[in-house]
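Architecture at a glance
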Amino acid sequence: QPRQFSPVGGDRSVVPLNLITGPVNSGKAAIVLDAVAKAAANGDDPILVVPTRADSDLLRRELAAGSISQAVRVTRFRGLWELIARRVGFDARPLDDFGCQRIARAVTDQALAEGQLQVLEQSARTGGFASALARFAAELGEVRASPQKFATAMEAWQAASAGRDGYGLELALLYRAYRERLQRLGLRDASGYLTELLDQFEREPELWRQTPVYFYGFDDFELRQLDTIAALSGCGAEVTVSIPFEQRAAFEARERIVAQLRALPDSVETQSDASSVHYAASSRDALFGLEQGLFEERFEAVNPGEAIERFRSGGPRAELELIAARIAALHDGGSEDGLEYEQIAVAVRDLDDAAPLIAEVFAAADLPIALRRRVPIGHTALVRGFLSLLDCALCEDTAADRSGVLVAKLVAWLRTPGVTASEFRGRVDRLEAKLLRGELGTLFAAEEAWSEISGQPQNFALEGLRAGFAKGPGEGYRKAGEQARRLLAATAQEDRHGCAPVFAAGELRDAAALGELIKAFDQLDRLVARDATLAPGSGQLLAELGGRTLASGESLIPGAVSIATPLALRARRVEALFVARLQEGAFPRTMTEDPFLDDRDRANINRAARGAGLKPLWPGDPVDRVAAERHLLHALLSRATKLLVYSSHTHSEAGDPANPSLFIDDIEDLLAPAPEPLSRALGQIDWPPNDKLRPSPYQSALAAVREGRRHTDRPYKLLDQTAIDAVSSRDAWSATSIEAYLRCPMAWLVDRFLRPDELESEAAQLSFGTAAHNVVQGLFERFQSEQLVLNGASVKRALQLVDELVAEHKAISPDPVTDRIERRRLRRAAAAYLVHAASSGSEFVPGDFELSFGIDGAPPVDLGDGLLLSGKIDRVDLLGNAAIIVDYKTGKIGSEQSRINWAKKGLLQLALYALAYETLKPGKQVVGALYQPIGDRETKDLRPRGAIRDDVDVDRTDIVKRSDRVSDDDFARLLSEALKVASGAIVAIGRGELEPTDPAKCAYGRDGGCAYPGICRRLA
């Protein structure tokens, strides 16, 4: 809960906090901006607080259009805190992340030296431990956990949990040491700074002068931000908070925040109603329907029409190329119907990782982009060069280095922009040539050689740093800061003849990175002046400096496509939105636990604290991560007003499988029909003919010069008899293995025989299909024991059992976030199938389940012609002696699984299972064989497909009569033809025939082209 601040006393009337809630796109922005305009007109100097810098720039433009931009201060929370500090005279500034990390490292090293860490000893020696400890301490500061309170909670936890002996106590020791070191030095981290600032603000609220404050664009608030809102509302100022919220599934994650805002003294809530006016007329039904129905249990299907598109590509590059070509078509050269680039945005959850590829692909597509991401400053040219110089200066014995590493770093420094004048750069080449010839064995020798080559008696930058560090760390940091400033000045003037510099994008990033390095030296000087033990060793110093990160670039530029994270787009609307890289593990993000205490630990600690009569350490229960991810996706998808495109890829660039996001299921559960995916294969250079795509001239030129690499004259056949015997000698063959061979013998060889090891463990892979089978099978088995038949009268009991079985099922995924999403999907899929099956009118009743042969110790079935079959029949429905084979499918099925396509598509499984069942069960006659979809999210069609005799189950309503009803003779012929094709495949394998399928027809052709492009001989 936020802190409670006492309202201003006296005869001043209490001003209520205005809380504006409602769904997204419901007019909350208009309410806030109208209030801001009125306050500006009254001369109240209003403050508008927004989440990001891009939001600030955007709103300044909107305010400028209304001629009130000069009367409104637009800022983020950081700017608001700085303003509060100025008004109340609070001039103590907090340490930045680098300084906090330095103190955390120092207290950790001291604890290690004194032997105080046993459980944490190994991890405490790693490089990332200090930064994790500093973040953890900041979080404890935000929840106002004193060292004593935290230590008491850890003691209670240890008493209740013998399995964590010593762990919590060592954490408490480090946290106490961190806080005590800060206090002794008279310094504050961010959480301590805000605590003291708000304490002083509470004592002197009149200094705020009742300036009205408006919070807009937020869908969540941190605890320290809630404290700030509470402090402002208690000082007599008009405070308005806008946050999207209504009582439905997509807003579950915001119930706690809204409840805390409602609980603030004298809060008054205004609820705005759902509205579709922000959507383009042609897209309104689809986009508004998606916003209203996403994640709801009961909803009306939404027709996506032309407003919602689906991209599915073979790899990350192919996906981004599709998006770029689609954006170019939308812009269409600035035609009357084209969209402006700044009205298009691409949302990428893992933006820092994807940014280099995004920049490369969009540059090739000749599209302007606005992209802001974090980069390590050590990866920039100026900082990399300066750290090379620093490494040379910190080397204590210049004659000891025999590896040439420091010599190479000296060369790197001399090549740094601004260091060596352009007319002397050829001399650096001469020095490097000596290094490559092995003539410079030591740094001392390299310095002597450079003095001779350059004509300068010494390297002043290097000698200055050495002299500074010789006097002590503090003087060394000051000298380093001075030298870095000189480098920045030299870079600014290089080749500009004294004119004021105008940096290009890359130069601006390098200059900003060097500025971060200068701030780090200033911070170190400040720290070491107070405590000399805070000076890092040379290796530690270089690693910590180079690892600092910098936010580089802009996320909003006029005339450019915005590439941003979902959080950065939450307060904007765009005409076209592309949600890219919707991949498992990225969106929804798998549980990113704190390195020290995960959600389960925190819940147990709170429970132990309550049991010991203490207040819980963390307010409320742990964050519901699934609900938070749903809310973020819902907020993001609502940003599009005309076109929404959601996109994923099926493989990495190396061809390894990459699973799409589980949220795609939730989106497509709502859409009917689901959009037909626009695809681009892994490594594909040419472009499908499509009016929605406009590849750039460069991309078109690449496609035009592509040469086919197929060599049909090669013998696609094993020649070594030992290899043939190894591939063909099996006790039994499975139907799926034979089908795989018929699809592509080369892919079959890799998948079924070579079997390369997976990089991920089996337990870490999704098993939704197995879970769906188990739940449906468990339900029918329970029906058997309860002597029930699935029909309209028993469907209510079936749904109850589904809930029980889903809850009892073992974890589908080891990640709790993924597991919860998959269980929800499983319950929905199983329930939909059972409702469908109950209304089908079938007379047959499920009888046999998971009937195995050739596996689990059961003998294979001999079907003749040398074919011994192994497998497992999911279900057999029975009526007297008549039987229907049922095989569950959790993916899309349709006309391809109809009996008329069995031979054409090489689908043999049902026919072979029918023959096997009749062999295993003498007296039983198979009269049908059907693929049964469970949770087909693409077409929502739950009708079974396959083959069933005309005279069987004639009142059944879910059979496609035109294609799946067959005569007795045709059904018998289907089975015999399947046996003949399967036997022929076994013979071909015995001859070593491995003719690769055309990549476009490969098993992976729909999504990613060739299954194994690095192995397939057709592509070699």
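Residues numbered from 1 in each chain as written. Predicted model: local features only at pLDDT ≥ 70, side-chain atom pairs only at ≥ 80, totals over all residues. Heavy atoms only, no water.

1. Concerning the overall build of the protein chain
- Tallying secondary structure elements over the protein chain gives 36 helices and 23 strands in all.
- Taking all 1020 residues of the protein chain together, the buried fraction comes to 53%.
- Long-range contacts, defined as pairs at least 24 residues apart, comprise 75% of the intrachain contacts of the protein chain with a sequence gap of at least 6.
- For the protein chain, the exposed area adds up to about 45,100 Å²; of that, 49% sits on carbon and sulfur atoms. (Helix = DSSP H or I, 4+ residues; strand = E, 2+ residues; numbered from the N terminus. Buried < 20%, exposed > 50% of the residue type's maximum accessible area, 1.4 Å probe, protein only. Contact = heavy atoms within 4.5 Å. Areas by Shrake-Rupley, 256 points an atom, 1.4 Å probe, with all protein chains shown as cover.)

2. Examining the packing of aromatic side chains
- Tallied over the full model, the rule gives 23 aromatic pairs.
- Here the aromatic rings of Phe311 and Phe578 are separated by 6.4 Å at their centres, their planes lie at 50 degrees, and the arrangement is tilted. Residue Phe311 is located in strand 7 (residues 308-313), and its partner Phe578 is located in strand 13 (residues 574-580); the two are separated by 267 residues in the primary sequence.
- With a centroid separation of 5.8 Å and an interplanar angle of 85 degrees, the aromatic rings of Phe469 and Tyr477 are classed as edge-to-face.
- Classification of Tyr477 by relative accessible area gives buried; the value is 2%. (Phe/Tyr/Trp six-rings, centres within 6.5 Å; stacked < 30°, edge-to-face > 60°.)

3. Points about the sheet that holds strand 4 (residues 213-215)
- As summarised here, the arrangement of the six strands in space is 3-2-4-5-1-6, forming an open sheet in which the pairing is parallel. Strands with a single pairing partner mark the edges of an open sheet, and in this sheet they are strand 3 (73-75) and strand 6 (267-271). The sheet shows a mean angle of 15 degrees between the axes of neighbouring strands, direction not considered.
- With four bridges joining them, strand 1 (residues 17-21) and strand 5 (residues 239-242) adopt parallel strand pairing. Residue pairing across strands places Asn18 opposite Thr240, the latter belonging to strand 5. (Pairing = 2+ DSSP bridges. Axes fitted to C-alpha atoms, helices over the stretch in contact; angles between N-to-C directions.)

4. Looking at the nonpolar core
- If you look at the biggest cluster of nonpolar residues, it comprises 76 residues, and the most contacted ones within it are Trp208, Phe215, Phe221, Ile229, Leu261 and Leu577.
- The element contributing the most residues to this core is helix 3 (residues 77-88), with seven residues.
- Leave out the neighbours within four places in its chain, and Trp208 touches Ile47, Leu80, Leu83, Ile84, Arg87, Phe201, Val213, Leu232, Cys235 and Ala237.
- If you look at the next biggest cluster of nonpolar residues, it comprises 50 residues, including Cys744, Leu915, Tyr917 and Ile989. (Core = buried A, V, L, I, M, F, W, Y, C linked by side-chain atoms within 4.5 Å.)

5. Looking at helix 11 (residues 255-262)
- Those residues of helix 11 lying buried are Ile257, Val258, Gln260 and Leu261. One side of helix 11 carries all its buried residues, which in axial view fall inside an arc of 160 degrees.
- Elements in contact with the buried residues of helix 11: strand 1, helix 10 (223-233), strand 5 and strand 6. (Arc of directions from axis to C-beta.)

6. Some details on the pattern of salt bridges
- On inspection of all chains with the given rule, the structure shows 58 salt bridges.
- The partner of Glu439 in a salt bridge is Arg437, with the nearest N and O atoms 2.8 Å apart.
- According to the relative accessible area criterion, Arg437 is exposed, its value standing at 54%.
- Across the pair Arg509 and Asp510 runs a salt bridge whose closest N-O atoms are separated by 3.5 Å.
- Residue classification places Asp510 among the buried residues on the basis of a relative accessible area of 11%.
- Salt bridges sharing partners connect three or more residues here, namely Asp96, Glu516, Lys519 and Arg548. (Salt bridge = Lys/Arg side-chain N within 4 Å of Asp/Glu carboxyl O.)

7. Looking at the confidence of the model for the protein chain
- Summary statistics for the protein chain give a mean pLDDT of 84 and a share of 89% for residues scoring 70 or more.
- Segment residues 707-712: pLDDT under 50, and ten contacts once partners within four positions in sequence are set aside and those in other chains are kept. (pLDDT = per-residue confidence, 0-100.)

8. Quick word on the sheet that holds strand 15 (residues 678-680)
- Pairing is parallel in the open sheet, where seven strands are placed in the order 9-12-8-13-14-7-15. What marks the edges here is a single partner per strand, and that holds for strand 9 (369-371) and strand 15. Between one strand and the next, the sheet's axes are offset by a mean angle of 20 degrees, whatever the strand orientation.
- Contacting strand 7 and strand 14 (640-649), helix 12 (residues 284-293) crosses the sheet at an angle of about 65 degrees to strand 14.
- Where helix 24 (residues 625-637) meets the sheet, it contacts strand 8 (344-348), strand 13 and strand 14, and its direction lies at approximately 140 degrees from that of strand 13.

9. Describing unusual backbone geometry
- A cis amide bond links Phe587 with the next residue in sequence, Pro588, at an omega value of 5 degrees.
- Along the chain, the position of Pro588 falls in the loop between strand 13 and helix 23 (599-611).
- Residue Ala672 is joined to Pro673 through a cis peptide bond whose omega torsion reads -5 degrees.
- Its place among the elements puts Pro673 in the loop between helix 25 (663-670) and strand 15.
- One non-glycine residue, Phe295, lies in the positive phi region at around 75 degrees.
- Inspection of the secondary structure assignment puts Phe295 in the loop between helix 12 and strand 7.
- The backbone phi angle of Glu850 is positive, close to 50 degrees, even though this residue is not glycine.
- Mapped onto the secondary structure, Glu850 falls in strand 17 (residues 845-853).

10. Here's the deal with helix 6 (residues 129-142)
- Here helix 6 spans 20 Å end to end across 14 residues, near enough to the 20 Å set by a 1.5 Å rise per residue.
- Residues of helix 6 that are buried include every one of Phe129, Ala130, Ala132, Leu133, Ala134, Phe136, Ala137, Leu140 and Gly141, and no others.
- Among the structural elements, helix 4 (97-113), helix 5 (121-124), helix 7 (147-160), helix 8 (167-185), helix 9 (190-203) and helix 23 are those in contact with the buried residues of helix 6.
- Count one or two residues on from helix 6 and you reach Arg144, which has phi positive near 60 degrees. (Expected span 1.5 Å × (residues − 1).)

11. Considerations on the side chain of His649
- Structurally, His649 is set in strand 14.
- Within the local environment of His649, its side chain forms a polar contact with the side chain of Glu319, the two groups lying 2.6 Å apart.
- Residues in contact with His649, not counting those within four places in the same chain, are Ser313, Gly314, Gly315, Pro316, Glu319, Arg581, Gln583 and Ala658. (Polar contact = N/O pair within 3.5 Å; in protein donor to acceptor, adjacent residues only side chain to side chain.)

12. A short note on the packing of helix 17 (residues 425-436) against helix 18 (residues 443-454)
- Following both chains from N to C, one finds helix 17 and helix 18 inclined at 145 degrees, their axes separated by 10 Å at the closest point. Once helix 17 is placed against helix 18, the crossing between them reads as right-handed. Taken together, the residues of helix 18 that come into contact with helix 17 (itself represented by Arg427, Val428, Arg430, Leu431 and Lys434) are Ala446, Ala449, Trp450, Ile453 and Ser454.
- For the contact of helix 17 with helix 18, a count of residues per class yields six nonpolar, one polar and three charged. (Left-handed = near helix turned anticlockwise from the far one by under 90°. Nonpolar A, V, L, I, M, F, W, Y, C, P; charged D, E, K, R; others polar.)

13. Looking at the environment of Leu371
- Relative to the elements of secondary structure, Leu371 occurs in strand 9.
- In this structure Leu371 comes out as buried when scored by relative accessible area, which is 15%.
- Spatially, the C-alpha atoms of Leu371 and Ala564 are 6.5 Å apart, while their sequence positions differ by 193 residues.
- Filtering out sequence-adjacent residues up to four positions away, Leu371 remains in contact with Leu351, Ala355, Ser552, Gly553, Glu554 and Ile563.

14. What about the side chain of Glu170?
- Within the secondary structure, Glu170 is located in helix 8.
- Not counting chain neighbours up to four residues away, the residues in contact with Glu170 comprise Gln116, Leu117, Gln118, Val119 and Leu120.

15. Concerning the pairing of strand 14
- Counting buried positions along strand 14 gives nine out of ten residues, so the element sits mostly inside the fold.
- Bridge count for strand 7 against strand 14 is six bridges, and the pairing is parallel. In the sheet register, Arg310 faces strand 14, and the bridge partner there is Tyr646.

16. Some thoughts on the environment of Asp332
- Structurally, the position occupied by Asp332 is in the loop between helix 13 (316-331) and strand 8.
- Linking Asp332 and Arg694, residues 362 residues apart in sequence, is a C-alpha distance of 8.0 Å.

17. A look at a nonpolar patch on the surface
- A surface patch of nonpolar side chains, amounting to about 280 Å² of accessible area, comprises Ile685, Tyr698 and Leu702.
- Checked against the element boundaries, Tyr698 lands in helix 26 (residues 697-704). (Patch = residues over 30% accessible without salt bridge, like charges linked within 9 Å, V, L, I, M, F, W, Y side chains within 5 Å.)

18. With respect to the packing of helix 7 against helix 8
- Two numbers describe how helix 7 lies on helix 8: the axes approach to 8 Å, and their chain directions differ by 175 degrees. Overall, the two elements helix 7 and helix 8 adopt an arrangement that is roughly antiparallel. Packed against helix 7, whose contacting residues are Pro147, Gln148, Phe150, Ala151, Met154, Glu155, Trp157 and Gln158, the element helix 8 presents Tyr167, Gly168, Leu169, Leu171, Ala172, Tyr175, Arg176 and Arg179 at the interface.
- Of the residues assigned to the contact of helix 7 with helix 8, the class counts are ten nonpolar, three polar and three charged. (Parallel < 35°, antiparallel > 145°, perpendicular 65-115°, else oblique.)

19. Observations regarding the environment of Ser131
- Along the chain, Ser131 turns up in helix 6.
- Residues Ser131 and Ala104, 27 residues apart in the sequence, show an inter-C-alpha distance of 7.2 Å.
- Here the side chain of Ser131 touches Gly128 through a polar contact of 3.0 Å, landing on its backbone oxygen.

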